[in-house]
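Here is how the chains run, residue by residue.
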Amino acid sequence: MSDSMGLVTDREFSFNAKDFSRVRSLIHQRAGISLHDGKQAMVYSRLSRRLRDTGYNSFEQYLQWLEGSSGAAAQQEWQEFVNCLTTNLTSFFREEHHFHVLAEWLSARGPQPTRIWCCAASTGEEPYSLAMTVAETLGLHAPVKIVSSDIDTNVLATASRGAYDAAARGLSPQRLRQFFLKGKGANVGQIRVKPELASLVEFKPFNLMQEQWQMGEPFDIVFCRNVMIYFDAPTQRKVLERIHRVMKPKGKLFVGHSENFTESRDLFLLRGKTVYDKV
């Protein structure tokens, strides 16, 4: 049941409009995510598990402890808080036209050292799709490094394992044979990324809201797809400026199908369907 404001009334824990406003503020500060008014039930559902695990009987108590505590336990709980409120929707070769553009770019560039950053690794389908594109275009031993990050440490753990259901969407029979191992025994019905493909990808936790971006050498390619839709306009601009700074001249930025940054023409110019060139 919900009240007139959309807040859950038939619930296990106390949760009111003030609590929701507090959660909205905290997740915006921590992860840049803007939650609209229709997300109350989602917030309650996802964060209730944290109250159960931490032993608190109301959101007010939980949030008060979270904001007022320090040390390793509080730091770990902040990470769980963020993990609960991030959204991870992905599949192999999602928005497939981007991988065709990348293959053409790699082919024209040839076997030069190349750095690619995948800003939202989720459970790994996107970075491994990038790795397969590299392997198909330049071979498994190409001098290409794919740095793949996410704010959610739970999905990063899944990505690092590289194990998926054999019926995972987006994989052709040929790619299944070429790049994956089939599970046996207790793992029948599962597939795992072959080590030689996995070696192209480095996974690391990273928060786009953190002030200092120490990313190593600049990137030739950045995939930041379906991330900015969760940010408000000022946060989008801030992140675009930071991405711009860690890219090489004439680098390419790939974004999601519903994202449009034509108002930031001083940073990036649209060169194709949701593909931008660094200015």
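Look up: the structure comes first, before these words.
Residues numbered from 1 in each chain as written. Predicted model: local features only at pLDDT ≥ 70, side-chain atom pairs only at ≥ 80, totals over all residues. Heavy atoms only, no water.

### A closer look at the sheet that holds strand β1 (residues 114–118)
Hydrogen bonds between backbone groups are what pair the strands of a sheet, and the pairing can be parallel or antiparallel. A sheet is described by the order of its strands in space; here seven strands give the open sequence β6-β2-β1-β7-β8-β10-β9, paired in mixed fashion. Looking at strand neighbours, the two that pair on one side only are β6 (201–205) and β9 (268–272), the edges of this open sheet. Taking each pair of neighbouring strands and ignoring which way they run, the sheet shows an average axis angle of 25°. Pairing of strand β7 (residues 219–224) with strand β8 (residues 247–255), which is carried by five bridges, proceeds in the parallel orientation. Each bridged residue has a counterpart across the sheet, and for Cys224 the counterpart in β8 is Val255. In this fold helix α6 (residues 125–138) packs onto β1, β2 (144–150), β6 and β7, with an angle of close to 170° to the strand it touches most, β2. Contacting β1, β7, β8, β9 and β10 (275–278), helix α10 (residues 233–245) crosses the sheet at an angle of about 135° to β8. (Pairing = 2+ DSSP bridges. Helix = DSSP H or I, 4+ residues; strand = E, 2+ residues; numbered from the N terminus. Axes fitted to C-alpha atoms, helices over the stretch in contact; angles between N-to-C directions. Contact = heavy atoms within 4.5 Å.)

### Observations regarding the environment of Gln212
By secondary structure assignment, the location of Gln212 is in the loop between β6 and β7. Note: C-alpha distance between Gln212 and Gln64 (148 residues apart in sequence) is 28 Å.

### Considerations on the sheet that holds strand β3 (residues 163–165)
Strand order across the open sheet formed by three strands is β3-β5-β4, with antiparallel pairing between neighbours. Two strands in the sheet have a free side with no partner beyond their single neighbour: β3 and β4 (180–182). Across the sheet, the mean angle separating the axes of adjacent strands is 35° when strand polarity is ignored.

### Brief notes about the nonpolar core
Nonpolar side chains tend toward joint burial in soluble globular proteins. Of all hydrophobic cores here, the largest spans 30 residues; its most connected members are Met132 and Phe180. Mapped by element, the contributors of at least two residues to this core are α5 (97–109), β1, α6, β2, β5 (190–193) and β7. The dominant element in this core, judged by the number of residues it contributes, is α6, at six residues. Formed by 25 residues, the second largest nonpolar core is a distinct cluster that contains Phe219, Val239, Ile243 and Met247. (Core = buried A, V, L, I, M, F, W, Y, C linked by side-chain atoms within 4.5 Å. Buried < 20%, exposed > 50% of the residue type's maximum accessible area, 1.4 Å probe, protein only.)

### Notes on the side chain of Ser148
Relative to the helices and strands, Ser148 is located in strand β2. Overall, Ser148 belongs to the buried group, its relative accessible area being 0%. Not counting residues up to four positions away in its chain, the partners in contact with Ser148 are Cys118, Ala121, Pro127, Leu156, Val201, Glu202, Phe203 and Lys204.

### Looking at the packing of α5 against α6
At their nearest, the axes of α5 and α6 sit 9 Å apart, and the two run at 40° to each other. One way to sum up the angle between α5 and α6 is to call them oblique. Helix-helix and strand crossings are classified by hand; for α5 and α6 the assignment is right-handed. Each of Phe99, Leu102, Ala103, Leu106 and Ser107 in α5 lies in contact with α6, whose residues at this interface are Glu126, Ser129, Leu130, Thr133, Val134, Thr137 and Leu138. Its residues assigned to classes, the contact of α5 with α6 comprises seven nonpolar, four polar and one charged. (Parallel < 35°, antiparallel > 145°, perpendicular 65-115°, else oblique. Left-handed = near helix turned anticlockwise from the far one by under 90°. Nonpolar A, V, L, I, M, F, W, Y, C, P; charged D, E, K, R; others polar.)

It is worth stressing that arrangement in space is one thing and function is another; only the former is reported here.
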